[in-house]
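# Summary of structural features
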Amino acid sequence: MNPPPDVRLAELFVRYWDDALTPVEARELEQRLATDHAARAWFQTLVLQAVAAADLSTARPESARCAEAVPLSSEPAAPELLGRPHRWNRRRVLGFFGGGLAASVAAVALGRWMSSDPARPAPLDRHARLGSVRGDVTVRAADGNALPTDGPVPPGSTVATAGPGASAVLFYPNGTNVALTEDSAVTLDLTGDRLQIDRGVVAADVRPPLVGGAPLVVATTETVLTGDAGVVMTLYQAARATEVGVQRGSVNVSAPTGRPLGEVRGGELLTVGSDGNLERHAIRDTPDVYAFDPTRPLAAGWAVGRIGAAGKAPVLVPEFWFDPYHGRQMYQIRSDKQWTRGFFRLTRDSVVRVRYRVDRSGPGQVCFCVRTPDVRSPDTGMLEWNDTYVAGTGADEWQTIEVRAGKMLANKHAPKFSNPWIGFLFIFNTYDTNLGLQVAEFRVSPPGPAGRSPG
Amino acid sequence: MTLEPDTIVQVLLRERLRVTALAATVTRDVHAADDIFQQVVMAALESRAQFRDPDHVLAWALRAARHRAVDFARSRRLRSLPDDVLDLLEARWADPAEGAASDRGEALHRCLGRLTNSARELLHLRYAEGLTAVAVAERLRRTVDAVYQTLSRVHRALRACVERELSERETSTTREVPS
């Protein structure tokens, strides 16, 4: 028996919203909307409900009466506490500038078109504000005093994130927003018109200045970036390089001395080394196949580890360094951070393969830091293999780890967003014991046809 | 005579829900639709010389939002509704009669407030956090089909609640009219 039309349309709508309709269902939906006035009215209502529901918090207002119950299953379901929303967005930005949506949007919009009447005060305070704070985030004033993360961020302040999953978004009155990913820091200069990226990766949506205001200048150790029009870009301040990836618009890049280095446009990635070396690439989709090549020099910005030799063959070997997350010295291989391009794209069934040898068995890790496919989102997570590096002998000297990405989620920093996951950093770790680890091969591949089915 | 900037902004803020909803129809992402609304406001102010009356602003904004939403959908490789269907939906959103929606909007918000915790959580995950049904199912340890079915039921229940609210309001209003 066919469901009533309104039931059927609702069923189609919830799948339409996920772009999950089959071709037959899609044609059915299009046909209903094209020919049935009532279907169009109901569809309009469904969209309105979705838009209104996007403002829902998870807490029920105390005054709400209990009307019809729509449980998730036939059993009563205990409400699950939710943390902060996982996505930063301008829907929440607008609340930060006080006075509600109408005043905020009107103030930002009108600020650009008000006449330059000297008797009129500036429409908005120039202080930035912090939002979407997750994990370990600190704000320090120019004098070093700690500031609350839910207050204004005055010129001269430094905002820093630390550890996996830490992130925050800096909002400016003109709509510019800068998302700090984990282990990043920025400092606002005293005029409020310049933002220094001290370390890490930020995603910046830079808007044109308000009337009478100056455009925001973003600077790293190697670069100074300016643009008059809006630009969306990601910036990575590595130890010895700056990476500028532009998703939309364009930005002019100069050296700190003022020497122009060129313009970077949407879809382009520019790397500027501390030695002045420039590399320009197109931003491509992150591939789902990856193979580390130990025959090539390590990338600029490679964090820990070096190329060694196992006989005549090159291998990756760890170095002993202070891991700030664990708070102690560890033997690790830690790649550079490829936030914009990503190393590899993972689904749950992606296969991770590592061929290694160790002098002695011991506990260790293979870890990936992953982000969402939206390069501007600061959300991150960790995929981890936590087990034992096994010392083999003779013909079995070289051992293989082969595991599906979906089996690497049993850790407290597992991503809270669904796959695909974009791996932007990888780590091999043997903690504080030198096992003599040598990594000859590291690959990621999509699920294969026949052959081995790893655990 | 062209419209003043603050008039344009006031018109668009009053019609924000329509413009955002039309964009969301295509993007299927409420937050992206919000971004599009902001872009449309800015663009409207840039182009204010062309506007002669508030109705023109709304019509222009709906079309501008639709174009931006279609671009967004293309960038995400989403299957879009065909142009003839979008034309019909855009015409509905532009219809002044649809704007008698303040009562309906208030009723909807009251009904959202009456949802059970689990239903609120489901809608929050879905539309506020923007999770797909697959991700919601993982989070809530349900099957994807169960999530779709429950979403469908929640939407239908909300519509029934709104209709009841409006009907009760109309009845009580009628009673208040003095004889």
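As a starting point, this report considers the structure included with it.

Rules behind the numbers
- Every chain is numbered independently, its residues counted from 1 as its sequence is written.
- The naming scheme follows written order: chains are lettered A onward, ligands numbered 1 onward.
- Two thresholds apply to this predicted model, a pLDDT of at least 70 for residue-level local features and 80 or more for giving and counting side-chain atom pairs, whereas whole-chain, interface and lining totals are computed over all residues.
- Side-chain measures here rest on the full set of heavy atoms in the structure, leaving out hydrogens and waters.
- Residues enter a nonpolar core if they are buried and are Ala, Val, Leu, Ile, Met, Phe, Trp, Tyr or Cys, with the set joined through side-chain atoms within 4.5 Å.
- Per-residue accessibility, obtained with a 1.4 Å probe over protein chains only, is compared with the maximum for each type, and a residue is labelled buried under 20%, exposed over 50%, and partly exposed between these values.
- Note on contacts: a residue pair qualifies if any of its non-hydrogen atoms lie within 4.5 Å across the two residues.
- Where helices and strands are cited, they refer to DSSP runs of H or I of at least four residues and of E of at least two residues respectively, numbered from the N terminus.
- Helix span, expected: 1.5 Å multiplied by one less than the number of residues in the helix.
- Definition of a polar contact: a pair of N or O atoms within 3.5 Å, with one able to donate and the other able to accept a hydrogen when the atoms are protein atoms, and with sequence-neighbouring residues admitted only if both atoms are side-chain atoms.
- Aromatic contacts are taken between Phe, Tyr and Trp rings whose centres are within 6.5 Å, Trp giving its six-membered ring; a plane angle under 30 degrees counts as stacked, one over 60 as edge-to-face, and the others as tilted.

Moving on, we come to the nonpolar core. In terms of nonpolar packing, the biggest core is built from 84 residues, with L29 and F43 of chain A together with L81 and L123 of chain B touching the most fellow members. For L29 of chain A, the contacting residues outside a window of four places in its chain are L9, L12, Y16, L21 and F43 of chain A together with L81 of chain B. Membership of the second largest hydrophobic core comes to 34 residues, among which are V139, L180, L188 and L225 of chain A.

Glancing now at unusual backbone geometry. Residues and elements named next belong to chain A. Backbone torsion omega between N419 and P420 reads 15 degrees, so that peptide bond is classified as cis. With respect to the helices and strands, the residue P420 is situated in the loop between β25 (399–404) and β26 (421–429). You will see that D19, though not glycine, has its phi angle at about 55 degrees, which is positive. Within the secondary structure, D19 is located in the loop between α1 (5–16) and α2 (23–35).

Once that is clear, we can look at helix α3 (residues 37–53) of chain A. Note on helix geometry: an α-helix contains 3.6 residues per turn, so any two residues three or four positions apart are oriented the same way. Residues and elements named next belong to chain A. Taking 1.5 Å per residue as the helical rise, α3 with its 17 residues ought to reach 24 Å, and the 24 Å between its terminal C-alpha atoms agrees with that figure. Among the 17 residues of α3, 13 are classified as buried, and the element is accordingly described as predominantly covered. Two or three places before A38, at the start of α3, stands the capping residue D36, its side-chain oxygen 2.9 Å from that residue's backbone nitrogen.

Here the focus is the packing of aromatic side chains. Residues and elements named next belong to chain A. Using the criterion set out here, one finds 24 aromatic pairs over all chains in the structure. A centroid spacing of 5.7 Å and a plane angle of 70 degrees characterise the contact between W302 and F426, whose relative ring orientation is edge-to-face. Placement of the pair is W302 in the loop between β16 (290–291) and β17 (306–310) and F426 in strand β26, with a sequence separation of 124 residues. With respect to burial, W302 and F426 carry one shared label: buried. Three or more aromatic residues joined by ring pairs form one cluster here, namely Y290, F292, W302, F343, F344, F368, F426, F428 and F442.

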